[in-house]
Amino acid sequence: MAGTIGAIGNNGRGVTGINWRSSLMSLKFLDDSNKGQTSDAVAAVNYATMMRRDQGQNVRVLNASWGR
């Protein structure tokens, strides 16, 4: 999803996103086998929320692609 949104175009790589000026915050809680605890998922969402609320980061969208 991140590439679909923020991939910079016109660079000879053959992929262009819909917003070349976006910033992405990647938060990982799943291991290499795509397994993780629900509490870790909640912690990731809470972290993003805290970054907006307390640090003034412009977090506007959360994409939760946690499935297979």
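See the structure shown above.
Keep in mind that this is a model prediction, so the values were computed, not measured.

Draft legend 1. Just a nonpolar patch on the surface, in detail. On the surface, a nonpolar cluster with roughly 450 Å² of combined accessible area is contributed by Met1, Ile5, Ile18 and Leu24. When you line up the elements, leucine 24 lands in the loop between helix 1 (2–6) and helix 2 (38–55). For leucine 24, a relative accessible area of 56% puts it in the exposed group.

Draft legend 2. Structural context of the pattern of salt bridges. This model, assessed by the stated rule, comprises 2 salt bridges. Of the charged contacts, one joins arginine 53 and aspartate 54 as a salt bridge, the two residues approaching to 2.8 Å between their closest N and O atoms. Its relative accessible area of 58% is what places arginine 53 among the exposed residues.

Draft legend 3. Just the environment of alanine 44, in detail. Here alanine 44 is to be found in helix 2. The exposure class of alanine 44 is buried, given its relative accessible area of 15%. With 16 residues separating them along the chain, alanine 44 and lysine 28 place their C-alpha atoms 7.5 Å apart.

What counts and how
Residues numbered from 1 in each chain as written. Predicted model: local features only at pLDDT ≥ 70, side-chain atom pairs only at ≥ 80, totals over all residues. Heavy atoms only, no water. Patch = residues over 30% accessible without salt bridge, like charges linked within 9 Å, V, L, I, M, F, W, Y side chains within 5 Å. Areas by Shrake-Rupley, 256 points an atom, 1.4 Å probe, with all protein chains shown as cover. Salt bridge = Lys/Arg side-chain N within 4 Å of Asp/Glu carboxyl O. Helix = DSSP H or I, 4+ residues; strand = E, 2+ residues; numbered from the N terminus. Buried < 20%, exposed > 50% of the residue type's maximum accessible area, 1.4 Å probe, protein only.

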